[in-house]
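If you want the building blocks of each chain, they are given just below.
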Amino acid sequence: MDKLVTILICLPFVMAVLPAIIKNSKARAAVVYLCGAIVMALSVFTAVKWAMAGGKAMDFNLPYTEVFDKIILVGDFLLMFLIIYLSFKWKKGIISFLSIIQTLLVAGIELFGPEVEEKAVIHMDWLTFIMILIIGIIGVAIGIYAVGYMHGYHIHHHKELTDRRSFFLAMIFVFYGAMFGLVLSQSLIWLYFFWEITSVTSFLLIGYTRSEEAINNSFKALWMNLLGGLGIAVAIAYAITVQGTANLYDVISLAGAHNAARGALIPIAMLAFAALTKSAQFPFSGWLLGAMVAPTPSSALLHSATMVKAGVYLLLRLAVVMNNNYVGQMVYLVGGFTFLAASCLAITVSDGKKVLAYSTISNLGLIVACAGAGYQETVWAAVFLIIFHAVSKSMLFQCVGAIENTTGSRDIEDMQGLIMRFPKLAFILMIGIAGMFLAPFGMLVSKWAALKAFVDARSALMILFVVFGSATTMFYWTKWFAKILGVNPNKSRDLTKPNEYISMFFHAILLVALCVCFPLVSKYVVLPLTGEMYGNASAVISQGNIIVMVIMIVALLVIPTFCYLLTRNAGVKEVMAYMGGDNAGDNVRFLDSVGEPKELQVSNWYMEDVFGEKKLFTPSVIISTLIILVLLCTIVGGAF
Amino acid sequence: MTDLQIRILVAVCYVVLAPFIAGLLDGFDRKISARMQGRKGPSIFQPFYDIKKLFGKQFLSAYRLQLVLVLTYMILVVMTGVLFYAGLDLLLCFFSLSTAVMFLILASSATHSPFSSQGTHREMMQMMAYEPMVLLTAVGFYLACDTFSVNEIIKSDIPAICYLPGFFVGFVFILTIKFRKSPFDLSTSHHAHQEVVKGVTTEMVGKEYAMTTITEWYEVVFLLGVVGLFFITSNPWSILWTVAAILAVYFLEILIDNVSARVKWQLMLKLAWSVTIIAGGLNLFILTLINR
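Worth saying up front: this structure is predicted, and the values here are computed from it rather than measured.

Q: Teacher, can you tell me more about the overall build of chain A here?
A: Secondary structure summary: chain A contains 26 helices and five strands in total. Taken over the C-alpha trace, chain A has a radius of gyration of 25 Å; the compact-globule value for 640 residues is 26 Å, and the two agree within 12%. Referenced to the eigenvectors of the C-alpha coordinate spread, the extents of chain A come out at roughly 85 × 55 × 50 Å. Scored against the burial criterion, the 640 residues of chain A give a buried share of 65%.

Okay, here's the thing in structure tokens:
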């Protein structure tokens, strides 16, 4: 197992060199497919092998741990120098201070601080199992999609940009390695290192196009994530100097003990704070919204399989010690608030990628809230949300990217009648959207469990956040969904590459399979996970209801087909839609006041004046900042 | 009879009888409304005559697949009611209802017709306005009876309304939206005889429109069932006051319909959410405090 894990973490880093040095685009594509397939197979193999061996939590060291320790120390400094160089190059030098402070803090404590007991650095359990599969399967599928997408991106649409595809693909592989490392580490110092790699890689990916907007947004992402990194650095410093350990699980069990020291919550709070920045909760949502300037595969990667999932992964780790204390309160208040605020904001935007970005923030908010509540039921819900969100969101981003490459626009208003123009893309988009909010698909099940858990916890405020957030979520998805169906006579050619379709259909099948096999996933993966964390596992949604839901899923697939067959010979007489008698021969044009035919545009509601970004964004940032500040002060102040 | 047999029987009765019950209620609605307005009003069977006539009309459609979507809408609403009357999970029923309404929205927006698009957006807005209170109602029952299962809720000793007066007020408030009554009949009105240019159902003609109407009748019986859930207890006699309460609520909706004028969506959203927060939220807050 230890050798396998070593390969799993190191191989993607080594593989990243290949696309970087191969300049021939065909050869590079082949290499990326091959390497992607290897990473995917390796991750599935590792996960399955571990599960087959009984699925017991394991702690172990890698071979040559000493060497890795040294590499990580050097790596920390390399990252610091990289950040310093880049931030001065683009005249944002001030940001490098964040990096310098935290690197020196961690390195200083590690080198000159008190000796800590040597412990195993790797931990493998059910949560790791799920994360490895998400990174390995969804992440790699995005990598495969990226090859075709980036081709179209540079050849058809953005001829003016420097072609840096080699760099882009290399970064994707670095991301895999960093994420594997992050979810497997139990040493905080290792965790911190991989955490910083993901921050820097995402910064580089966001700045890919080097336009002014991209540069600004990438630095915004950098400083917010570095602030989170600083949180981890402080947690490490505190854990080593005061608690005498650098192990994540020791820190957790110290905080969870009955006679816990009063300061034991401080490192937990700092880690939770770091996780909030990484999972783009308010007030740190700006970086994820800015990230959409990057080419679509990187958005898909940041939003679904990696990056933001690192944040919620860490929160789930901490969930056990966040039940009923100030840290938990900080986390679930910020999460619940973000869930509602982001879904309100999503109503007012028509840019498809931006809607997806807000929806990610909103869903992460729900996951964060579930983790912060720290009950077994909420953790169950959170894990399902992570799984379903990863699959749906990756698929939706890929689909919107493909639509943009084909039609030249990712605005929802331009997707009118997509089903007539590009049925395959529309089909995928519809499955993805249905998966995000429609009963009885995945996300809704998790929302249901979350609601039930908050009721059990008697948390009135959270219940209100969830019910209002659900209503607004429904609104923005419904209007998008309704847009896809409809009439549009403009035909054009579908430019989507086969490999993009392979990836998208793979996601679609995976999503439907997950929905249908939902009871099995719950029984064999998620319940063992919560059992591992809380000692005893009990079902959150009763067996009867789960069966009813699976029946409903099948019904939703069968009923429309059945109705179609039933009404096929209904003898319909096709007429034109009602336009007060002024149709100009079809459903898309009407006669204006001087008798000229004019095209009819039907537009969705965006309600800028009610939920607008201008109106809500700044207050949301202020409110959430206040929540975090007040509770952090309470936690730190309460310790002394 | 065993418990299960009774549950199946009730569900079957719902499927068979719901359109007749709701149709009759609709007939009374028109009669009472007419009397309130100083008219004589049609026969109480008029809604059924309307449906018969609609089915007899030539089938015209602006979009071939619309009928599929309408039919799916109908089946899903019936399924929602069956889940409810068979005593399953209340929250599941509400989720299933939202999914069903989605198909109505798709059916109306698919045509690219300006009038039905207008109606569609208003329908979505209505959904956003009432959805929090609907979910909150399920939460309320869970707090009062410690279960989401309808079959368990009806076996409680004290009617749920004793714990949930605020939830009841909120639910009745959003019923006005769901029943498409003035002042909240924004997306379409509930009068089946006004067939042409009618918001979300503008493009639904003849039998499509008849099916939409029948579907709404099924929905009405389901929602009135939820109203009844506030009153029913394990005592068999409770059925009497439950029916009385349901009729009273229905009369109240007719009264509201006749004394108010349609408002703009902004006001509807504000009112619905305010009532949800004030009545529902306050009740919720108190329940979570006393019932830990």
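Q: Explanation requested: the overall build of chain B in the structure shown.
A: Of regular secondary structure, chain B possesses ten helices and one strand. Counting from the amino terminus, helix and strand elements in chain B follow one another as α-α-β-α-α-α-α-α-α-α-α. Here chain B has a C-alpha radius of gyration of 19 Å; the compact-globule value for 292 residues is 19 Å, and the two agree. Based on the C-alpha atoms only, the size of chain B along its principal axes is roughly 55 × 45 × 40 Å. Within chain B, contacts between residues at least 6 apart in sequence are counted, and of these 77% link residues at least 24 apart. Of the roughly 10,900 Å² of accessible surface on chain B, a fraction of 71% belongs to carbon and sulfur atoms. Here chain B carries 21 positive and 18 negative side-chain charges, and the mean point of each set is 9 Å from the other.

Q: Explain the interface of chain B and chain A here, please?
A: For interface size, the figure often reported is the accessible area lost on association. Every contact between the two is made by 68 residues of chain B and, on the other side, 66 residues of chain A. Taken together, both faces of the contact between chain B and chain A bury some 5,900 Å²; the carbon and sulfur share is 79%. Linking chain B with chain A are zero salt bridges, by the criterion used here. On the surface where chain B and chain A come into contact, there are seven residue pairs in polar contact (both at pLDDT 80 or more). For the side of chain B that touches chain A, the elements supplying multiple residues, two or more each, are β1 (60–61), α3 (66–85), α4 (90–109), α5 (114–145) and α10 (265–290) of chain B. Split by residue class, the side of chain B that touches chain A holds 42 nonpolar, 18 polar and eight charged.

Q: Any chance you could explain the UniProt feature "transmembrane region" (unreviewed entry) in chain B here in plain terms?
A: Per the UniProt entry, the sites bearing "transmembrane region" (unreviewed entry) are residues 6–25, 67–88, 94–115, 127–144, 156–177, 217–233, 239–259 and 271–290 of chain B in this numbering. Along residues 156–177 of chain B, the helical share is 59% and the strand share 0%, with 29 Å between the first and last C-alpha atoms.

Q: Hey, could you run me through the UniProt feature "domain: NADH-Ubiquinone oxidoreductase (complex I) chain 5 N-terminal" (unreviewed entry) in chain A in this one?
A: Feature annotation in UniProt assigns "domain: NADH-Ubiquinone oxidoreductase (complex I) chain 5 N-terminal" (unreviewed entry) to the following positions: residues 122–152 of chain A. The distance separating the terminal C-alpha atoms of residues 122–152 of chain A is 40 Å; by composition the span is 87% helix and 10% strand.

Q: Where do I start with the packing of aromatic side chains in this structure?
A: Aromatic rings in a pair are described by how distant their centres are and how their planes are angled relative to each other. One pass over the full model with this rule turns up 40 aromatic pairs over all chains. When the ring of A:W448 is compared with that of B:F95, the centres are 6.1 Å apart and the planes differ by 70 degrees; the resulting orientation is edge-to-face. A residue pair is termed interchain when its members come from two chains, as with A:W448 in helix α20 (residues 442–456) and B:F95 in helix α4. Ring pairing ties together the aromatic residues B:Y14, B:F84, B:Y85, B:F94, B:Y218 and B:F222, which thus form one cluster. Cation over ring: A:K424 sits above A:Y501, and NZ or CZ is 4.5 Å from the ring centre.

Q: Even after reading the chapter, I still don't get the side chain of B:N151, so can you show me in this structure?
A: Residues and elements named next belong to chain B. Along the polypeptide, N151 turns up in helix α6 (residues 150–153). A residue is classified by how much of its surface remains accessible, and N151, at 6% relative accessible area, is buried. Beyond its immediate chain neighbours, meaning those up to four positions away, N151 contacts D3, R7 and G87.

Q: Which parts of the structure should I look at to understand the pattern of salt bridges?
A: For side chains of opposite charge, pairing can occur when their charged atoms come near one another. Under the defined criterion, the tally for this structure stands at 16 salt bridges over all chains. A salt bridge links B:D29 to B:K181; the nearest nitrogen and oxygen atoms lie 2.2 Å apart. Highlighted residues: B:D29 in helix α1 (residues 3–36) and B:K181 in the loop between α7 (165–178) and α8 (206–229), separated in sequence by 152 residues. In this structure B:D29 comes out as buried when scored by relative accessible area, which is 1%. Three or more residues joined by partner-sharing salt bridges are found here, namely A:D351, A:E404 and A:R410.

Q: Explain the side chain of A:S166 to me, please; I cannot follow it from the model alone.
A: Residue and element names in this part refer to chain A. Of note, S166 is situated in helix α7 (residues 165–184). Among the polar contacts listed, one links the side chain of S166 to the side chain of R28, at a separation of 2.7 Å. Among all residues touching S166, those that are not within four sequence positions of it are P19, A20, I22, K23 and R28.

Q: Help me understand α10(B), please; the structure alone is not making it clear to me.
A: Along an α-helix, a turn takes 3.6 residues, which lines up residues three or four apart on a common side. With 26 residues, α10(B) should cover 38 Å at 1.5 Å per step; its first-to-last C-alpha distance of 36 Å lies within 8% of that length. Taking the largest bend as the criterion, α10(B) deviates by roughly 30 degrees, centred on B:G281.

Q: Help me out: how do you make sense of a nonpolar patch on the surface in this one?
A: All names here are of chain B. On the surface, L4, I8, V12, V15, V16, L17, F20 and I21 cluster together into a nonpolar patch covering about 710 Å² of accessible area. Mapped onto the fold, I21 is located in helix α1. Taking relative accessible area as the criterion, I21 reaches 42% and is therefore assigned partly exposed.

Q: Please clarify how the nonpolar core should be interpreted in this entry.
A: Across soluble globular proteins, nonpolar side chains have a tendency to be buried as a group. By size, the foremost hydrophobic cluster in this structure holds 352 residues, and its most contacted members are A:W287, A:W380, A:L429, A:W480 and B:M128. Looking at this core element by element, the count peaks at 19 residues for helix α17 (residues 376–407) of chain A. Ignoring sequence-local partners within four residues, the contact set of A:W480 consists of A:G352, A:V355, A:L356, A:V400, A:I412, A:M415, A:L429, A:I433 and A:N604.

Q: Mind showing me how you'd approach the environment of A:V368 here?
A: Residue and element names in this part refer to chain A. With respect to the helices, strands and loops of the structure, V368 is situated in helix α16 (residues 352–373). With relative accessibility at 0%, the residue V368 sits in the buried group. Sequence separation of V368 and V106 is 262 residues, and the distance between their C-alpha atoms is 27 Å. Once you skip the residues sitting within four places of it in the chain, V368 turns out to touch L276, S279, Q281, V312, L315, V331 and G335.

Q: Please explain the packing of helix α15 (residues 326–347) of chain A against α16(A) as it appears in this structure.
A: Relative placement of two packed helices is described by the angle separating their axes and the distance separating the axes. All names here are of chain A. Orientation of α15 relative to α16, taken along the N-to-C sense of each, is 155 degrees, at an axis distance of 7 Å. What the angle tells us is that α15 and α16 run roughly antiparallel. Our pair here, α15 against α16, has a crossing hand that is left-handed. Contact residues: α15 offers G328, V331, Y332, G335, G336, T338, F339, A342, S343, L345 and A346, while α16 offers V355, Y358, I361, S362, G365, L366, V368, A369, G372 and A373. The class makeup of the residues in the contact of α15 with α16 is 13 nonpolar, eight polar and no charged.

Q: I would appreciate a short explanation of the packing of helix α5 (residues 94–112) of chain A against helix α9 (residues 212–243) of chain A in the present structure.
A: Residues and elements named next belong to chain A. Two elements in contact, α5 and α9, have axes separated by 9 Å at closest approach and are oriented at 20 degrees. Taken together, α5 and α9 sit at an angle that is classed as roughly parallel. Of the two possible hands of crossing, α5 and α9 adopt the one that is left-handed. Residue composition of the contact of α5 with α9, by class: 17 nonpolar, four polar and no charged.

Q: Just to check I follow, could you spell out the confidence of the model for chain B for this structure?
A: Low pLDDT means the predicted coordinates in that region are not meant to be read closely. Per-residue pLDDT for chain B averages 91, and the proportion of residues at 70 or more is 98%. Here the predicted complex scores 0.93 on pTM and 0.94 on ipTM.

Q: Would you explain the environment of B:S274 in this entry?
A: Residue and element names in this part refer to chain B. Along the chain, the position of S274 falls in helix α10. Judged by its relative accessible area of 33%, S274 falls in the partly exposed class. Residues S274 and R30, spaced 244 residues apart in sequence, show a C-alpha to C-alpha distance of 30 Å.

Q: I would appreciate a short explanation of the environment of B:M211 in the present structure.
A: Residue and element names in this part refer to chain B. Along the chain, the position of M211 falls in helix α8. As a C-alpha pair, M211 and F55 span 156 residues in sequence and 8.7 Å in three-dimensional space. Filtering out sequence-adjacent residues up to four positions away, M211 remains in contact with F55, L67, V70, L71 and M74.

Q: What am I meant to see in the state of the cysteines here?
A: Joining two cysteines, a disulfide is a covalent bond between their sulfur atoms. On inspection of all chains with the given rule, the structure shows zero disulfides over all chains. Unpaired in terms of disulfides, A:C344 finds its nearest cysteine sulfur in A:C370, a separation of 18 Å. Of the cysteine sulfurs around B:C13, a residue in no disulfide, the closest is that of B:C93, at 17 Å. The exposure class of B:C13 is partly exposed, given its relative accessible area of 34%.

What counts and what doesn't
- Residues numbered from 1 in each chain as written.
- Chains lettered and ligands numbered in written order.
- Predicted model: local features only at pLDDT ≥ 70, side-chain atom pairs only at ≥ 80, totals over all residues.
- Heavy atoms only, no water.
- Helix = DSSP H or I, 4+ residues; strand = E, 2+ residues; numbered from the N terminus.
- Rg over C-alpha atoms; globule rule 2.2 N^0.38 Å.
- Buried < 20%, exposed > 50% of the residue type's maximum accessible area, 1.4 Å probe, protein only.
- Contact = heavy atoms within 4.5 Å.
- Areas by Shrake-Rupley, 256 points an atom, 1.4 Å probe, with all protein chains shown as cover.
- Lys, Arg positive; Asp, Glu negative; His and termini not counted.
- Charge placed at Lys NZ, Arg CZ, Asp CG, Glu CD.
- Buried area = accessible area lost by both parts, 1.4 Å probe.
- Salt bridge = Lys/Arg side-chain N within 4 Å of Asp/Glu carboxyl O.
- Polar contact = N/O pair within 3.5 Å; in protein donor to acceptor, adjacent residues only side chain to side chain.
- Nonpolar A, V, L, I, M, F, W, Y, C, P; charged D, E, K, R; others polar.
- UniProt positions renumbered as here; feature names shortened; annotations may be inferred.
- Phe/Tyr/Trp six-rings, centres within 6.5 Å; stacked < 30°, edge-to-face > 60°.
- Lys NZ or Arg CZ within 6 Å of the ring centre and 35° of its normal.
- Expected span 1.5 Å × (residues − 1).
- Bend = angle between axes of the 7 residues up to and from the residue.
- Patch = residues over 30% accessible without salt bridge, like charges linked within 9 Å, V, L, I, M, F, W, Y side chains within 5 Å.
- Core = buried A, V, L, I, M, F, W, Y, C linked by side-chain atoms within 4.5 Å.
- Axes fitted to C-alpha atoms, helices over the stretch in contact; angles between N-to-C directions.
- Parallel < 35°, antiparallel > 145°, perpendicular 65-115°, else oblique.
- Left-handed = near helix turned anticlockwise from the far one by under 90°.
- pLDDT = per-residue confidence, 0-100.
- Disulfide = S-S within 2.5 Å.

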